[in-house]
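Chain by chain, the residues:
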Amino acid sequence: MDADVVAAAGADTDVHGTVAPGYEPVGDAFRRTFGTLGERGAAVVVYRDGRRVVNLWGGTRDFDGGAPWEQGTAQIVRSATKGVAAAALLLLHQRGRLDLDAPVGAYWPEFKARGKERALVRHVLAHRAGVPVLDQPLTPAEAYSPDLAAAVVAAQAPAWEPGTDHGYHAHTYGWLTGELVRRVTGRAIGEWIADEVAGPLGLDLWLGLPEARAARVGRLGPLAADTGRGGLRARPKPEVAAAYADPSSLTRRAFAVIDPAPDENDPGYHAASLPASNGIATADGLARFYAALIGDVDGGGRLFEPGTLALARGEASAGPDRVLVTPTRFGLGYMLHGPAAPLLTPASFGHPGRGGTLAFADPDSGLAFAYVTNGMGRGVTADPRPQTVLRALRSLRPFSPSGV
């Protein structure tokens, strides 16, 4: 039987929820994120073999407010959205409607322009398409128009020959995946995900937030990079810091594709559909999504057949990342376990969200994990808050089908 949790976490923060017997260290670690790592509001959920074994939340709903985080509080999950967008393409492939080895131009003829004729659908998923930057950044209003943004991406010259190297497509990944879904199905990707994934599974997860759900979304805010003891510390390697500081670098340009940066707390941003960056979800919605990728959840069946799961977790890109300036590993649509993005085990696949969100599945153990926060750190991967909780989960190994 799950144990109820209402325990002090730091000077002013309570943590609420439940943990199954054997998972108490995960709850202890989550409470520490508020006391020693400066967390403001967050939730963590873990599923095991389709059953929820950790469901915790604490702090404030809004980064800059005092109302408590509640069980149904949702947040922008930034690039954790990419894992959901990837599932749309992989499921279309699983259903025989999308050939991963076909040129993108077979579905989207305009994309063939300026040397992108050989870019394959699998290159999009593995961050090998060569278009992480745009010569002319989009305004927020332009970025919110899927047709306009897709046309700009299609007309862009590649930064490298597609398929020959990899580099994180921080924003353009969304228009690439979204346009492929639209060309194949005739539906916007947010609509497709709502109809084919979120609705059937009962997920609190949206790409294009309905107005009726707006009151559930908390406000984001920036955590200080280094606030002394108890604060987050961000110490990037010199070459990484230099890349972010150089306006001409692929790194800086990839993250500045939308300029000026949109207000992530604006209702107009929430209502838009940016499959690389503006998904909104509860921790349970994300964890339940990953649990359904690898197994049955509440009798709803699993999303990925074994062959599709192999595509998600099989290495498709590895080595120095031309945008993130550090070695990264990707399957088709998902980051894989490694020094730059530590997950649970080498079998894990998932996606972080810049600033602190992390979600993944581990098919070998049957675990699915999601950490969602309103306090935005400065890192892209390996934020210390979810990593603190993840280390506690990892300490419970070896896992077995019957329990911890």
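Residues numbered from 1 in each chain as written. Predicted model: local features only at pLDDT ≥ 70, side-chain atom pairs only at ≥ 80, totals over all residues. Heavy atoms only, no water.

A closer look at the overall build of the protein chain
Going by this rule: We count a stretch as a helix when DSSP gives it H or I for four or more residues in a row; a strand needs E for two or more, and each element gets its number in order from the N terminus. Atoms considered for the radius of gyration are the C-alpha atoms alone. The globule rule reads 2.2 Å times the number of residues to the power 0.38. Contacts between residues were defined by any pair of non-hydrogen atoms, one from each residue, lying within 4.5 Å. Here the positive residues are Lys and Arg and the negative ones are Asp and Glu; neither His nor the chain ends is included. Taken as the charge centre is NZ of Lys, CZ of Arg, CG of Asp or CD of Glu, depending on the residue.
Assigned secondary structure in the protein chain consists of 14 helices and 15 strands. A compact globule built from 404 residues should have a C-alpha radius of gyration of about 22 Å, and the protein chain, at 20 Å, falls within 12% of that. With respect to the principal axes defined by its C-alpha atoms, the protein chain has extents near 60 × 45 × 40 Å. Looking at the protein chain alone, contacts between residues at least 24 apart form 66% of all its contacts between residues at least 6 apart. Here the protein chain holds 40 positive side-chain charges and 42 negative ones, and the gap between their average locations is 4 Å.

Considerations on the packing of helix α2 (residues 81-94) against helix α8 (residues 189-201)
Each pair of packed helices can be summarised by the angle the axes make with each other and by the distance between the axes. Our working rule: Here, axes are lines fitted to C-alpha atoms. For helices the fit covers the stretch in contact, and angles between N-to-C directions go from 0 to 180 degrees. The cut-offs work like this: below 35 degrees is roughly parallel, past 145 is roughly antiparallel, 65 to 115 is roughly perpendicular, and the gaps in between are oblique.
Packing of α2 against α8 leaves a shortest axis separation of 10 Å and a crossing angle of 70°. It follows that α2 is roughly perpendicular to α8 by the angle criterion. Here Val84, Ala85, Ala88, Leu91 and Leu92 of α2 come into contact with α8, specifically with Ile189, Trp192, Ile193 and Val197.

Observations concerning the nonpolar core
Stated formally: Buried residues of nine kinds, namely Ala, Val, Leu, Ile, Met, Phe, Trp, Tyr and Cys, make up a nonpolar core once their side-chain atoms join them within 4.5 Å. Each residue's exposure class comes from its accessible area (1.4 Å probe, protein chains only) as a fraction of the maximum for that residue type: buried when under 20%, exposed when over 50%, partly exposed otherwise.
If you look at the biggest cluster of nonpolar residues, it comprises 87 residues, and the most contacted ones within it are Trp175, Leu286, Phe289, Leu293, Phe304, Tyr334 and Phe349. With 24 residues, the next largest nonpolar core counts Ala20, Val26, Tyr371 and Leu396 among its residues.

What to know about the sheet that holds strand β6 (residues 205-206)
Note the threshold: Being paired, for any two strands, means DSSP has found at least two bridges between them.
Spatially, β5-β8-β6 is the arrangement adopted by the 3 strands of the open sheet, whose pairing is antiparallel. Each edge of the open sheet carries a strand with a single partner, namely β5 (75-76) and β6. Relative to strand β8 (residues 280-281), β5 runs antiparallel, the two sharing 2 bridges. Bridged to Ile76 within β8 is Ile280.

Structural notes on helix α14 (residues 384-394)
Basically, it comes down to this: Polar contact is the term for a pair of N or O atoms within 3.5 Å; when the atoms are in protein, one must be able to donate a hydrogen and the other to accept it, and sequence-neighboring residues count only if both atoms are side-chain atoms.
For α14, the tally of buried residues reaches 8 of 11 residues, placing the bulk of the element in the interior. Every buried residue of α14 is accounted for by Arg385, Pro386, Gln387, Thr388, Val389, Leu390, Ala392 and Leu393. Buried residues along α14 sit against α1 (24-36), β3 (41-48), β13 (357-362), β14 (367-373) and β15 (375-376). Measuring from the side-chain oxygen of the N-cap residue of α14 to the backbone nitrogen of Arg385 gives 2.9 Å; that N-cap residue is Asp383.

Quick look at the environment of Leu324
In this fold, Leu324 is placed in the loop between β9 (317-320) and β10 (327-330). The exposure class of Leu324 is buried, given its relative accessible area of 7%. Measuring from C-alpha to C-alpha, the distance between Leu324 and Val152 comes to 23 Å, with 172 residues separating the pair along the chain.

A few points about the environment of Ala215
Inspection of the secondary structure puts Ala215 in the loop between β6 and β7 (221-222). It is 9.0 Å that separates the C-alpha atoms of Ala215 and Thr73, two residues lying 142 residues apart in sequence.

Section: the packing of aromatic side chains
Basically, it comes down to this: Only Phe, Tyr and Trp rings take part, Trp by its six-membered ring, and two of them pair if their centres are within 6.5 Å. Stacked means planes under 30 degrees apart, edge-to-face means over 60, and tilted covers everything else. Each ring is checked for a lysine NZ or an arginine CZ that lies within 6 Å of its centre and within 35 degrees of its normal; such an atom marks a charge sitting over the ring.
All chains considered together, the criterion is met by 12 aromatic pairs. For the pair Tyr244 and Phe255, a centre-to-centre distance of 5.7 Å together with 35° between the ring planes defines the contact as tilted. Of this pair, Tyr244 sits in helix α9 (residues 238-245) while Phe255 sits in helix α10 (residues 250-255), and the two are 11 residues apart along the sequence. Look at Tyr244 and you get partly exposed, because its relative accessible area is 23%. Of the residues examined, Phe255 reaches a relative accessible area of 19% and is grouped as buried. Every member of this aromatic cluster is reached through a ring pair, and the members are Tyr168, Tyr244, Phe255 and Phe330. Note that Arg354 overlies the ring of Phe255, its terminal NZ or CZ placed 4.5 Å from the centroid.

Concerning the confidence of the model for the protein chain
Stated formally: Scored from 0 to 100, pLDDT records how confident the predictor is in each individual residue.
This prediction gives the protein chain a mean pLDDT of 92; 92% of its residues lie at or above 70. Across residues 226-234, where pLDDT falls below 50, the model places 22 contacts with residues more than four positions away in sequence or in other chains. Predicted confidence for residues 400-404 stays below pLDDT 50, and this span has 8 contacts to residues more than four positions away or in other chains.

Remarks on the packing of helix α6 (residues 146-155) against helix α7 (residues 172-185)
The cut-off we apply is this: Charged residues are taken to be Asp, Glu, Lys and Arg, nonpolar residues to be Ala, Val, Leu, Ile, Met, Phe, Trp, Tyr, Cys and Pro, and polar residues to be all remaining types, Gly included.
One can describe the packing of α6 onto α7 by two numbers: an axis separation of 9 Å at closest approach and a directional angle of 110°. The angle between α6 and α7 falls in the class roughly perpendicular. Along its contact with α6, which presents Asp147, Ala149, Ala150 and Val153, the element α7 presents Thr172, Trp175, Leu176, Glu179 and Arg182. Considered class by class, the residues forming the contact of α6 with α7 number 5 nonpolar, 1 polar and 3 charged.

Quick look at α2
For the record, the criterion: Expected span of a helix: the number of residues minus one, times 1.5 Å.
Here α2 spans 20 Å end to end across 14 residues, near enough to the 20 Å set by a 1.5 Å rise per residue. Across the 14 residues of α2, 12 count as buried, placing the element largely inside the fold. Every buried residue belonging to α2 is among Thr81, Lys82, Gly83, Val84, Ala85, Ala86, Ala87, Ala88, Leu89, Leu90, Leu91 and Leu92, and all of these are buried.

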